[in-house]
Each structure stands twice: as C-alpha cells, then as structure tokens.
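Residue-level listing of the chains:
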Amino acid sequence: MQLAEAQYDRDGFALVADLLDPSGRAQLRQLTPQILAASERWQHRGEPLWFLQDDVPPLASLLLQPRLLQRLQAQCGLGNRPLELLAVTLYRKGTGEPGTAWHQDARYIPVNDLSAFTLWLPLQPIDTSNGPVQFMPGSQRHCLLEQPQPAAQAPEGMAAGPACIAAPMAFGDGTVHSPWTLHGSCRNRTASPRLALIVNYLTAPLQLDAEPALDGALHPPVINALRRTNHHTLGQRLQHTHK
C-alpha cells in the first residue's frame, strides 16, 4: 500500500499532506532550536512522555491552530469533536540507530478507554533512508499479544499484509494513527539525525486506571514497567492541568 492510499477508519492511519501551510512551516523551522533545547532537559529526566508544549508555548499555539485542528478532525472522522493536546515529545533517531520496535501505543497507557490519536510530524523531509514510520494496515482491530517486536521483520502473531512505509513525506506533512495501530520505524541510514514530533491529542478526557499493571504471562515486565512510568507521568500531568 502507498501511504497516500491509506484511510484512517479502514487502515488505522493516514497521511495529512500539507498539514502546515507556508506560515506554519516557517514557524516550526523557527521554533526548532527551542524544541531541541527543551528536549534535552526532558531527556535528562528519563521520562518517555514529554510535554514540550509547556516549554515552548508558541509550539502549543501552532498545534492548536483552528485550520490544523479542522484538518485533523476531518482526517480522523471526528466531526467537530474538541481536541486537546496531551503530550508533545521529540523523537531523535541518530545515524545508524535501528528501527523502533513494533508496538501499539494503547498497550502502554494505563486507561480502559483511550480516546486519542497521534500525529507524527517530522522536522525534515522523510524518505526511505532516514527512518520513516511504518504501519500495519488494519491492525487497530487486533491486539498483538507479544510486543514489542523487532521492526526489521514482520510481526509474529498478527495476520496482516505487508507494512506501509510512511515515505516520502515533505516537511509540513504529517501522519495520524490510532492508539491501537501497530507501528514502528525503520533504521536511519543517513549521516544526519531524523527528528520528529510525536503529538498526542485527546478526543475525550483521560481517566487513568487505579492499578497500571496487567496480570498474566502476556504482559511481560517491559510492558508493565512502561505502564507504571506512564501512570506516574500522566497522573502528575492531570494534577497539573486541573489546578
């Protein structure tokens, strides 16, 4: 499947071409040094979810522009449902770094009903050589029991066709995917780091489970460790936003 053919409802992901207009692209370029500086501070804290929108207020304004939100609502079939920024994280894939393992975001977030979607917004053009995201079409209807799994091979345990590589993408394009869409990324084979913002939007209020860990052999320590970490991080976030 070519990325441009993907449909959010059917495949669990889609391309949003020209999500940023020329003014938005210029603003994002201008904000990139501030984003990189703020991301270094977050990286030292060792938390998987960051809230860069707090550190760089103009970035929050850019990501909440009415035109941009309308494009996202239309692409995800949300009508006029309000959108709220949850987390904005910078993902830096260095030269030669392997791909990100196959995973489903919702497996690592300790909530019963995650009403959300993710925008993947690269800070440079993306091609097949600099670590594009890859998606498994239709995987949002299933749960991959054994995860994470290496991205260099097809995931085991889920009947699916070939992956869709999210490339090429221009600067200003983005992809959206649901919390249950199986995705990962490819190795960065270029001499420069690949930078992308991972923007999590909520379509309904977030309510954390009382107990983040899941019982049973199908929920190994790596999953429960991230669920506990995210439970703590998101719990603090909810307290901060409700003050």
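Let us look at the structure shown here. Everything numeric here is computed off the predicted structure, so don't read it as measured data.

Thresholds applied
- Residues numbered from 1 in each chain as written.
- Predicted model: local features only at pLDDT ≥ 70, side-chain atom pairs only at ≥ 80, totals over all residues.
- Heavy atoms only, no water.
- Helix = DSSP H or I, 4+ residues; strand = E, 2+ residues; numbered from the N terminus.
- Rg over C-alpha atoms; globule rule 2.2 N^0.38 Å.
- Contact = heavy atoms within 4.5 Å.
- Areas by Shrake-Rupley, 256 points an atom, 1.4 Å probe, with all protein chains shown as cover.
- Lys, Arg positive; Asp, Glu negative; His and termini not counted.
- Charge placed at Lys NZ, Arg CZ, Asp CG, Glu CD.
- Core = buried A, V, L, I, M, F, W, Y, C linked by side-chain atoms within 4.5 Å.
- Buried < 20%, exposed > 50% of the residue type's maximum accessible area, 1.4 Å probe, protein only.
- Pairing = 2+ DSSP bridges.

### A look at the overall build of the protein chain
The helix and strand inventory of the protein chain stands at 6 helices and 8 strands. Each helix and strand of the protein chain, ordered N terminal to C terminal, gives the series α-β-α-α-α-α-β-β-β-β-β-β-β-α. Its C-alpha atoms give the protein chain a radius of gyration of 17 Å, within 12% of the compact-globule value 18 Å for 243 residues. Judged by the C-alpha coordinates and their principal axes, the protein chain covers about 50 × 45 × 40 Å. Within the protein chain, counting contacts between residues at least 6 apart in sequence, those at least 24 apart form 84% of the total. Roughly 11,500 Å² of accessible area belongs to the protein chain as shown, and the carbon and sulfur atoms make up 53% of that amount. Distance between charge centres in the protein chain, computed from 19 positive and 20 negative side chains, equals 4 Å.

### Regarding the nonpolar core
Judged by nonpolar contacts, the single largest core of 49 residues is most densely connected at L28, L52, L59, L72, L197 and Y201. Not counting the four nearest positions on each side in its chain, Y201 is found in contact with L63, L64, L68, L69, L72, L83, E84, L85, S115, A116, F117 and L119.

### Some thoughts on the environment of A191
The topology assignment puts A191 in the loop between β7 (183-185) and β8 (194-202). Residues A191 and L52, spaced 139 residues apart in sequence, show a C-alpha to C-alpha distance of 26 Å.

### A closer look at the sheet that holds β7
In space, the 3 strands of this open sheet follow the order β5-β4-β7, with antiparallel pairing throughout. Each having just a single partner strand, β5 (164-165) and β7 make up the two edges of the open sheet. Relative to β7, strand β4 (residues 133-135) runs antiparallel, the two being bridged by 3 bridges. Bridged to F135 within β7 is H183.

On their own, these measurements won't tell you what the molecule is for.
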